[in-house]
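What follows is each chain in one-letter form.
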Amino acid sequence: DVKVTQSSRYLVKRTGEKVFLECVQDMDHENMFWYRQDPGLGLRLIYFSYDVKMKEKGDIPEGYSVSREKKERFSLILESASTNQTSMYLCASSLLGAHYEQYFGPGTRLTVT
Amino acid sequence: AQSVAQPEDQVNVAEGNPLTVKCTYSVSGNPYLFWYVQYPNRGLQFLLKYITGDNLVKGSYGFEAEFNKSQTSFHLKKPSALVSDSALYFCAVRDWWGSSNTGKLIFGQGTTLQVKP
């Protein structure tokens, strides 16, 4: 079974702090994704990566950056957290190819105060 | 523009009755379609997908979905609902913008299914 793990289930940070969200997958997937989930808005793609050190912006990249130094690990960075980044963050991974499904981690609920 | 719509925020059904969760899509390429389920405080779980072939796709937990090209729909169905099916359901469509291998998806806003005993 594919396993995608995220470093924290719940996180509380202060405005202006730098925040790191870590995601690890154990199935040698090429693709990895970061989404945020907000009520009524569904999932919105922040960044994705299709290979080590490769990254592409999604629909809402502003205020975020990512890092992929190893194939299994994809990090989301909030350079200076703001209250409007309070959200549920979901990581996913998939094999390379248009027809493969994505596998999701349990999510990190981030609150910025 | 490519998009996916779930017209109902919430669907209520009695246990034992059939259920349908609706999804319509708009894409520029082949419609690769997916359904996911999210239980409270959990990540999304893959249910089923349509890539090509038979219009009726069977998936996990007794769910199935019917692809209808003329109506650009991919409705999720189950013949007999269970209370444990209560969850948030997302429809998604393959995003064909950019590289064809990235597997990017566009998600609907989600439909809450409430099954009452």
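Model, not experiment: these values are computed from the prediction. (Residues numbered from 1 in each chain as written. Chains lettered and ligands numbered in written order. Predicted model: local features only at pLDDT ≥ 70, side-chain atom pairs only at ≥ 80, totals over all residues. Heavy atoms only, no water.)

(A) Here's a closer look at the interface of chain A and chain B. With 24 residues of chain A at the contact, the number on the chain B side is 24 residues. For the pair chain A and chain B, the two sides together bury roughly 1900 Å², of which 57% comes from carbon and sulfur. Where chain A packs against chain B, one counts four residue pairs in polar contact (both at pLDDT 80 or more). For the side of chain A that touches chain B, the elements supplying multiple residues, two or more each, are strand S4 (31-38) and strand S5 (42-49) of chain A. A per-class count over the side of chain A that touches chain B returns 14 nonpolar, eight polar and two charged. (Contact = heavy atoms within 4.5 Å. Buried area = accessible area lost by both parts, 1.4 Å probe. Polar contact = N/O pair within 3.5 Å; in protein donor to acceptor, adjacent residues only side chain to side chain. Helix = DSSP H or I, 4+ residues; strand = E, 2+ residues; numbered from the N terminus. Nonpolar A, V, L, I, M, F, W, Y, C, P; charged D, E, K, R; others polar.)

(B) Region of interest: the layout of surface pockets. Here the largest pocket defines a volume of roughly 370 Å³. Taken together, 19 residues form the lining of the largest pocket, with A:Gln37, A:Pro39, B:Gln38, B:Leu88 and B:Phe90 sitting closest to its centre. Within the residue set of the lining of the largest pocket, elements represented by two or more residues are S4 of chain A together with strand S10 (87-94) of chain B. If you tally residues by element for the lining of the largest pocket, the top one is S10(B), at three residues. Looking at the lining of the largest pocket, its residues break down into seven nonpolar, eight polar and four charged. (1 Å grid on protein atoms, 1.4 Å probe; cavity = no way out; pocket = protein on both sides within 12 Å on 5 of 7 lines; lining within 4 Å. Points joined across faces, edges and corners; volume = space filled by probe spheres on them.)

(C) Structural detail: the environment of A:Glu56. Mapped onto the elements of the fold, A:Glu56 is located in strand S6 (residues 56-57). In this structure the C-alpha to C-alpha distance between A:Glu56 and A:Val66, which are ten residues apart in sequence, comes to 9.3 Å.

(D) Broad picture of the side chain of A:Ser65. Residue and element names in this part refer to chain A. Within the secondary structure, Ser-65 is located in strand S7 (residues 64-70). Polar contacts involving the side chain of Ser-65 include one to the side chain of Glu-79, which spans 3.1 Å. Apart from residues no more than four positions distant in its own chain, Ser-65 is found in contact with Tyr-47, Ser-75, Leu-76, Ile-77 and Glu-79.

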